[in-house]
Amino acid sequence: MTPEIPHLPSYEDPALDAAFEALHGEVATRSARITTLEERETFRLDWLGRKQGRLKLIGDAWLKAAPAEARRALGLRFNQLKQAVDAALERKVPDGSASRSVASAVPKASLDLSLPGLVRRPGTPHPLLETMHAMVKVFGDLGYSVNLGPQVETDFYNFEALNFPPNHPARDTQDTLLLANQSGKAARDRLLMRTHTSPVQIRTMVANDPPLRIVIPGKVHRNDAADATHSPIFHQIEGLAVGPEITFSDLKGTLDHAMKAMFGADVRTRFFPSFFPFTEPSADVQISCIFCGGAGCRKCKHSGWIELLGCGMVDPAVFAAVTDERRRQGRDPEVYDPRRVSGFAFGMGVERIAMIRHGVADIGQFYSGDLRFLEQFG
Ligand code: DAH
């Protein structure tokens with residue numbers, strides 16, 4: 001609908017006054033009827049619409065055709081009319097209840113375009129993931145591949161193939177969450193929540209021929225009570241290297257490099273005799289305390305050393321289990337003959353490393369979902 005504009009008989013002052021008086025009258029009566037945002041918008045378009053608004057039509061019809069001497073008088077009145085329309089719009093800012101359109105409910109004067117916009121900041125990696133990625137990268141740079149495995153695992157992969165025989169007391173070190181209704185199955189097929197990432201060593205060797213170098217990050221589960229340093233679900237990174245002539249010196253050199261890459265070139269490592277069923281010999285690795293440099297402080301319990309991971313040379317019994325399983329699956333069983341290959345393995349807790357790296361005192365913070373904690377790692 002094209003709004004009509006009054007007829008202008010001449011550009012003499014009385015004619016202009018009469019025409020603009022009629023227009024002002026219309027602005028007044030029409031704006032008085034506005035009660036909703038929609039009506040206000042119709043009014044605005046009616047007068048200020050860029051194509052069909054009355055002011056535009058008046059400009060086209062009257063201003064353009066005006067003789068030079070009438071321009072000033074006409075322009076003045078035109079501006080007054082525009083101000084009257086603007087003022088009417090200002091007055092008719094509904095309280096918002098009449099409309100869903102918030103944008104047009106904002107009075108012009110309060111729209112401050114110099115204010116910064118609403119910025120959606122990118123998220124930050126969780127400190128546990130960030131630590132896993134950093135560690136995986138250290139080994140990736142050494143030529144290691146990455147593998148993952150299932151969290152619901154069989155007894156065979158989690159224990160038996162790793163040289164934990166059924167009922168062996170070594171199983172007690174890993175309080176295991178068993179799945180229900182497994183008693184009808186053969187012992188090796190019973191399902192449980194994996195207690196460590198070591199079963200993926202077996203899966204990797206069963207599926208791949210040597211030589212291989214692999215790191216395995218992932219979630220593990222134990223029936224442990226939560227406290228400041230324990231959680232029933234936590235994360236580990238496992239490593240495995242198998243090849244024709246891999247020695248304990250390779251293990252020491254690799255882990256020494258990895259600890260320096262992770263914690264700084266000044267860090268020293270030492271290897272303590274230990275026991276794991278699937279490695280022989282086995283060792284615990286300690287690094288010189290990153291807080292006191294080895295002098296002794298509260299963090300390292302005044303020993304100068306922090307224990308960080310377990311490791312060792314792959315036990316021949318593990319190669320034997322892999323060989324059996326490969327035979328069962330119809331794969332070349334000879335390639336993991338301990339007379340032909342040797343290997344080393346290591347495993348570390350991600351939470352512990354992240355706590356040391358970031359000075360976190362309570363493991364529970366990692367799982368709290370508290371943004372105030374998490375945003376510190378951005
Ligand atoms: N799986 C062991 C644990 O969870 C950690 C470990 C120790 C892994 C020595 C290894 C290793 O690969 O060689 O307690």
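Please read these numbers as outputs of a predicted model, since none were measured by experiment.

Asks: I'm lost on the pairing of strand E9 (residues 342-349) in this one. Help?
Replies: For a regular strand, side chains alternate in direction, first toward one face of the sheet and then toward the other. Strand direction decides the pairing type here: strand E5 (residues 233-243) and E9, joined by 8 bridges, are antiparallel. Across the sheet, the residue bridging to glutamate 238 is glycine 347, located in E9. Two elements, strand E8 (residues 305-314) and E9, share 5 bridges in a ladder whose sense is antiparallel. Bridging across to E9, leucine 309 finds its partner in methionine 348.

Asks: How should the site of the ligand be read in this particular structure?
Replies: In the vicinity of the ligand there are 16 residues, among which His196, Ser198, Arg222, Gln236 and Glu238 approach most closely. Taking arginine 222, its side chain carries an N or O atom lying 2.9 Å from an oxygen atom of the ligand. Alanine 345 places a polar main-chain atom, nitrogen or oxygen, 3.1 Å from an oxygen atom of the ligand. For the shell around the ligand, the secondary-structure elements that each account for two or more residues are E5, E8 and E9. The residue makeup of the shell around the ligand, split by class, is 5 nonpolar, 9 polar and 2 charged.

Asks: What is the right way to look at the packing of helix H2 (residues 37-48) against helix H4 (residues 71-91) in this model?
Replies: For any two helices packed against each other, the geometry comes down to the angle between their axes and how far apart the axes lie. Viewed as axis vectors pointing N to C, H2 and H4 meet at an angle of 170°, and their least axial separation amounts to 11 Å. It follows from the interaxial angle that H2 and H4 lie roughly antiparallel. Where H2 approaches H4, its residues Arg40, Phe43, Arg44, Trp47 and Leu48 are matched on the opposing element by Leu81, Lys82, Val85, Asp86, Ala88 and Leu89. Here the contact of H2 with H4 is composed, by residue class, of 7 nonpolar, no polar and 4 charged.

Asks: When you look at the side chain of glutamine 286 in this model, what are you seeing that I'm missing?
Replies: Position of glutamine 286 relative to the elements: it lies in strand E7 (residues 279-288). Given a relative accessible area of 9%, glutamine 286 falls into the buried group. Polar contacts involving the side chain of glutamine 286 include one to the side chain of arginine 270, which spans 2.8 Å.

Asks: Help me out: how do you make sense of the domain arrangement of the protein chain in this one?
Replies: Per the domain assignment, the segments of the protein chain are domain 1 (13-109) and domain 2 (127-377). Centre-to-centre separation of domain 1 and domain 2, based on C-alpha positions: 76 Å.

Asks: For this particular structure, what's the right way to read the environment of glycine 253?
Replies: If you trace the backbone, glycine 253 turns up in helix H9 (residues 248-263). The class of glycine 253 is partly exposed, set by a relative accessible area of 39%.

Asks: What should I look at first to understand the nonpolar core in this one?
Replies: General note: in soluble globular proteins, nonpolar side chains tend to be found buried as a group. Of all hydrophobic cores here, the largest spans 44 residues; its most connected members are Phe139, Leu255, Met259, Phe263, Leu308, Phe346 and Met348. Among residues more than four places away in sequence, those in contact with phenylalanine 263 are Ile287, Ile290, Leu308, Ile353, Ile356 and Arg357. Counting residues in hydrophobic clusters, the runner-up holds 27 residues, among them Phe156, Tyr157, Val242 and Ala321.

Asks: Looking at this structure, how should I read the packing of aromatic side chains?
Replies: Between two aromatic rings, the relevant description is the distance of the centres plus the angle of the planes. Taken as a whole, this structure holds 13 aromatic pairs when the rule is applied. Look at phenylalanine 139 and phenylalanine 346: their rings are 4.9 Å apart centre to centre, the planes differ by 25°, and that puts the pair in the stacked class. With phenylalanine 139 in helix H6 (residues 127-140) and phenylalanine 346 in strand E9, this residue pair connects regions lying 207 residues apart in the sequence. No difference in accessibility class separates phenylalanine 139 from phenylalanine 346, as the two residues are buried. Ring centres of phenylalanine 248 and phenylalanine 271 lie 6.2 Å apart, and the angle between their planes is 70°; this geometry places the pair in the edge-to-face category. Placement of phenylalanine 248 in helix H9 and of phenylalanine 271 in strand E6 (residues 269-276) is noted, with a sequence separation of 23 residues between them. Exposure remark for phenylalanine 248: the relative accessible area of 26% places this residue in the partly exposed category. With relative accessibility at 17%, the residue phenylalanine 271 sits in the buried group. Within the aromatic cluster, the residues linked to one another by ring pairs are Phe139, Tyr144, Phe344 and Phe346.

The rules behind these values
Residues numbered from 1 in each chain as written. Predicted model: local features only at pLDDT ≥ 70, side-chain atom pairs only at ≥ 80, totals over all residues. Heavy atoms only, no water. Pairing = 2+ DSSP bridges. Helix = DSSP H or I, 4+ residues; strand = E, 2+ residues; numbered from the N terminus. Near = heavy atom within 4 Å. Polar contact = N/O pair within 3.5 Å; in protein donor to acceptor, adjacent residues only side chain to side chain. Nonpolar A, V, L, I, M, F, W, Y, C, P; charged D, E, K, R; others polar. Axes fitted to C-alpha atoms, helices over the stretch in contact; angles between N-to-C directions. Parallel < 35°, antiparallel > 145°, perpendicular 65-115°, else oblique. Contact = heavy atoms within 4.5 Å. Buried < 20%, exposed > 50% of the residue type's maximum accessible area, 1.4 Å probe, protein only. Domains from an automatic or database assignment. Core = buried A, V, L, I, M, F, W, Y, C linked by side-chain atoms within 4.5 Å. Phe/Tyr/Trp six-rings, centres within 6.5 Å; stacked < 30°, edge-to-face > 60°.

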